[in-house]
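Here are the chains, one letter per residue:
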Amino acid sequence: MWTLGINWKWHDGAAALVDGDGRLWALAEEERFTRVKHAWGAYPVRAARFCLDRAGIDWPDLDTVVIGWDLPQLLPWTDADRDELYVALFGRAAAGARKPALAFVDHHLAHAASAFHASGFTRAGVLVVDGAGERDAISVYAAGPGGLARKRHWPRAFSLGAMYEAATHVVGLGDLNAGKTMGLAAYGDGHDSALLPVGDLVGDGSPLFDWPADLSYGDFTGRWRDHLADRFGKVTRAPADLDQDPVAVRVAASAQRTTEEAIRALYTETRCLTGEPAICLAGGVALNCVANGRLPEPLYVPPFPHDAGVALGAAWTVRPPRPAAEPITPYLGTDIAPGDVPDLPESGFTVRPFAPEAVVDLLLAGRIGAVAEGRAEIGPRALGHRSIIALPRPAAVRDRINTIKGREPWRPLAPVADAGHAPRFWPGQGRRELYMVGSAVVSAAGRRELPAATHVDGTTRPQTVPTGHAPVVESLLAGLGSAGVAPVLVNTSFNGAAEPIVDTAADAVRTFVGLGLDFLVLADRLIRRR
Ligand SMILES: [Fe+2]
């Protein structure tokens, strides 16, 4: 019994494969294969093929294909559309053959199922906050052994995702770049209170504006853009200089503060409605690590709160997994195995067996390099399997990495430490630290040791790596400790400007060469420029 879940139709196309017991075999985003970020509108063809290959099966072995959207609610849907989907996903042979069943799952239910079943909790309240599902922008579920039950929902007029996306457009950062706006918000002076109240979210449920409730998501975003431009004025600086644009900073800080206050209120509402102390968050707004960082334990945010996660949530809605004691591993994608070294595109490189001491020496000499090993991490954060690394000091390391990656110079970097040493650098963030989904205030010792990974407001978005999860990074942290140096590294995604994170060994080598990095640890090999 095999179920293939997919996210398809808009952005972040993805596929997930589970067996008859709901056991996850693979989860991957289409962008990693096509190398087009967010894979707008693309069928998750290569992600699906990857999942099937991982299990050694082919599409006729599937019992069900399930989509993390209730598409017939949104557009006319016939058997011909189903056939077109199957041919797109599996090729011409799928045209006349026996076909797997096709099912649809409510988008917010898919988000909620992905978070709950991945959390390791046996019971939880689940809060879903995104741009919009089929109709709703916010949903609360109670989750337990009997499944998920929806407790309350809010229509599109309350969309925090639409508000934040509009703010991102108004400051000039474009589509699906809310993470950049969150980084920009820290340049606010702290006095930007919630200038954008989104209405009485948890009271009688009246939105701030009396915009027609049946507006499309795009129309809501447009109304928000007009409102923000009227309220704050015009942004005049280019993206690289937005930290020096007082209007841009106020827009970002206000959108951020509004989101934090709304998430806090919705978190409390979720606890009240469900009676559960443990809370899961999902939906694109749950990528807001600053808002997440202000919530108490026990809290769980999966590494895939964005729409790619509904591929798995949809599959798990059809085939729920057995309860797990631990949160899910994020390392679910393409494997880079030992010995997997593609041809280098030019001479001038050396390839040797990886030895942690040699890389520690490079790091201590101020070199910036990358790690690519094992299965790729799901989601937008590099978690040590496809990461650019460096010592997080001096502060200028941030500028060098931002230049290398073509990022705006005001954007922050994140750190990784092992569980034994992390509490020296930042207060514990529980499960959030597994996937870099919660920010924390850097300690005094941390400010000395990781200035390049401490944002302008004194916070960071940390990862703590459990033993055995990222062997190369763990060996380097241990090596730094043995050398008498604080065992903490900058950990930022391994990709060039506006690219998805590298996936294969060939991607890693090409990007290593293209970015001019000093070294690449590729599974069990160390590649260096001569
Ligand atoms: Fe969503």
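Visitor: Give a detailed account of the packing of aromatic side chains, specifying residues and quantitative values.
Guide: Enumeration according to the criterion identifies 13 aromatic pairs in this entry. Taken together, a centroid distance of 5.5 Å and an interplanar angle of 85° make the contact between Trp 211 and Trp 224 edge-to-face. Of this pair, Trp 211 sits in the loop between helix H6 (178-185) and helix H7 (217-232) while Trp 224 is found in helix H7, placing the two residues 13 residues apart along the sequence. Residue class for Trp 211 comes out buried when judged on its relative accessible area of 16%. The exposure class of Trp 224 is buried, given its relative accessible area of 3%. Aromatic ring contacts, followed pair by pair, group Trp 8, Tyr 43, Trp 77 and Phe 104 into a single cluster. Positioned above the aromatic ring of Phe 232 is the side chain of Arg 231, whose terminal nitrogen or guanidinium carbon lies 5.3 Å from the ring centre. For the cation-ring pair, Arg 529 lies above Phe 512, with the distance from its terminal atom to the ring centre recorded as 5.2 Å.

Visitor: Hey, could you go over a nonpolar patch on the surface for me, with residue numbers and the actual values?
Guide: A cluster of nonpolar residues, Trp 10, Trp 40 and Leu 74, forms a patch on the protein surface that exposes about 300 Å² of accessible area. Summarising the element assignment, Trp 10 is placed in the loop between strand S1 (2-7) and strand S2 (14-19). With a relative accessible area of 34%, Trp 10 lands in the partly exposed category.

Visitor: Go over the coordination of the iron ion, please, and point to the residues and values.
Guide: All of the protein donors around the iron ion are His 107 (NE2), His 111 (NE2), Asp 130 (OD) and Asp 307 (OD); their distances to the metal are 2.2 to 2.3 Å. In this structure, the iron ion is coordinated by 4 donor atoms arranged in irregular fashion, with angles at the metal of 86 to 172°. Coordination of the iron ion draws on donor residues from a single chain, spaced H-x3-H-x18-D-x176-D in sequence. One end of the pair, His 111, is in helix H4 (residues 107-119); the other, Asp 130, is in the loop between strand S6 (124-129) and strand S7 (136-144), with 19 residues separating them in the sequence. Take His 111 and Asp 130: they sit in the same class, and that class is buried.

About the cut-offs
The numbering scheme is per chain: residues are counted from 1 as the chain's sequence reads. The model is predicted, so local features are restricted to residues of pLDDT at least 70 and side-chain atom pairs to those at 80 or more, both for listing and for counting; the totals for chains, interfaces and linings are taken over all residues. Side-chain numbers come from the whole structure's heavy atoms, not from hydrogens or water. For Phe, Tyr and Trp, rings pair up if their centres lie within 6.5 Å, where Trp contributes its six-membered ring, and each pair is then called stacked (planes under 30 degrees apart), edge-to-face (over 60) or tilted (otherwise). Helix and strand assignments follow DSSP, with helices taken as H or I runs no shorter than four residues and strands as E runs no shorter than two, numbered in order from the N terminus. Residue exposure (1.4 Å probe, protein chains only): buried if accessible area is under 20% of the type maximum, exposed if over 50%, otherwise partly exposed. Only when the NZ of Lys or the CZ of Arg is both within 6 Å of the ring centre and within 35 degrees of the ring normal is a charge said to sit over the ring. A residue counts toward a patch only above 30% relative accessible area and without a salt bridge, and it is joined to like-charged neighbours within 9 Å or, for Val, Leu, Ile, Met, Phe, Trp and Tyr, to nonpolar neighbours within 5 Å. All accessibility values rest on the Shrake-Rupley procedure with a 1.4 Å probe; residue burial counts only the protein chains present in the view. Counted as salt bridges are all cases of a side-chain nitrogen of Lys or Arg within 4 Å of a carboxyl oxygen of Asp or Glu. Note on donors: an N, O or S atom is included if it sits within 2.8 Å of the metal, or within 3.2 Å for Na, K and Ca, and water is never included, so sites can look incomplete. Just to be clear on the cut-offs, tetrahedral is four donors with all angles between 85 and 135 degrees, square planar is four donors and octahedral six with opposite donors over 155 degrees apart and all others between 65 and 115, and anything else goes down as irregular.

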